[in-house]
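Structural overview for review
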Amino acid sequence: LKPERAESVDFDGTENLFIEGDNLEVLKTLQRAYYGKVKMIYIDPPYNTGNDFVYHDKFSQSRREYDLASGWRDSEGNIKQVSGLQKNTKDSGHFHSNWLNMMYPRMKIAHGLMHDSGVVFVSIDDREFSNLCHLMWEIWGRENHIATLKWKKKRKPSFLDKHIGSTIEYILVFAK
């Protein structure tokens, strides 16, 4: 993490911290200094639309194993493709589980960072709403579900929607 003093307001006097970057790497970095101290986290994850976000979908392999299995590198370690990331396409057969595997470690680390009186807000749409609820119940506890906020993202659905268009998104709110 690198502080940006010039872009900050009252850098030395504030007790707030704004961080931009890959959220899993940032969360891992924060564990040493902030374990059990964070009072609020807002997470706006990818909504698993199948075409808007690319992420590693194998978490039980070493980087070398992943690179070999995905075809990114050959057995000698030479790069075969430009990127080792894969799209989570709807026809992958593991569409929802890939997304949940991406979300689980982030929520687990966020839970550890959270102060006992802390709260987490997670935005989601209807594609993964029920899966995210179950994931949050497992990690945060069903009894710690404070609310599900609904917000109207637009007044009417797009005329380009194939079926029924959605105008609502959700924010799940959990306490530690």
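Above this text you will find the structure in question.
Figured I'd write up the structure that's included with this text. (Residues numbered from 1 in each chain as written. Predicted model: local features only at pLDDT ≥ 70, side-chain atom pairs only at ≥ 80, totals over all residues. Heavy atoms only, no water.)

With respect to the pattern of salt bridges
Spelled out, the test is: Each reported salt bridge corresponds to a side-chain nitrogen of Lys or Arg within 4 Å of a carboxyl oxygen of Asp or Glu. In DSSP terms, a helix is any run of H or I states spanning at least four residues, a strand is any run of E spanning at least two, and both are numbered starting from the N terminus. Exposed residues in this analysis have more than 50% of their type's maximum accessible area, buried residues have under 20%, and partly exposed residues fall in between, with area computed by a 1.4 Å probe over protein chains only.
Going through the model one piece at a time under the given rule, you end up with 1 salt bridge. For Lys-28, the salt bridge is made with Glu-25, and the minimal N-O distance between the two is 3.9 Å. Within this pair, Lys-28 and its partner Glu-25 are both found in helix α1 (residues 23-34), separated by 3 residues, close to a single helical turn. Under the relative-accessibility criterion, Lys-28 is labelled partly exposed at 41%.

Focus on the side chain of Asn-144
Applied cut-off: Counting of polar contacts relies on pairs of N or O atoms within 3.5 Å, with two restrictions inside protein: one atom must be capable of donating a hydrogen and the other of accepting it, and residues adjacent in sequence are counted only when both atoms are side-chain atoms. Contacts are residue-level and defined by heavy atoms, with any inter-residue pair within 4.5 Å sufficient.
Considering the arrangement of structural elements, one finds Asn-144 in the loop between α4 (129-140) and β5 (145-152). Residue classification places Asn-144 among the buried residues on the basis of a relative accessible area of 17%. From its side chain, Asn-144 meets the backbone oxygen of Lys-176 in a polar contact 3.2 Å long. Setting aside chain neighbours within four positions, we find Asn-144 in contact with Val-173, Phe-174, Ala-175 and Lys-176.

Considering the packing of aromatic side chains
This is how the line gets drawn: Two rings from Phe, Tyr or Trp (for Trp, the six-membered ring) form a pair when their centres are within 6.5 Å of each other. A pair whose planes differ by under 30 degrees is stacked, one over 60 is edge-to-face, and the rest are tilted. In this scheme, Lys NZ or Arg CZ marks a charge over a ring once it lies within 6 Å of the ring centre and within 35 degrees of the ring normal.
Applying the stated criterion to the full structure yields 1 aromatic pair. Taken together, a centroid distance of 4.5 Å and an interplanar angle of 35° make the contact between Phe-129 and Tyr-170 tilted. Separated by 41 residues along the polypeptide, Phe-129 in helix α4 and Tyr-170 in strand β6 (residues 168-175) bring together distant segments of the chain. Judged by relative accessible area, which is 23%, Phe-129 ranks as partly exposed. Owing to a relative accessible area of 18%, Tyr-170 belongs among the buried residues under this scheme. Directly above the ring of Trp-137 sits Arg-142, whose terminal nitrogen or CZ lies 3.6 Å from the centroid.

Interpretation in functional terms is not warranted from these geometric data alone.
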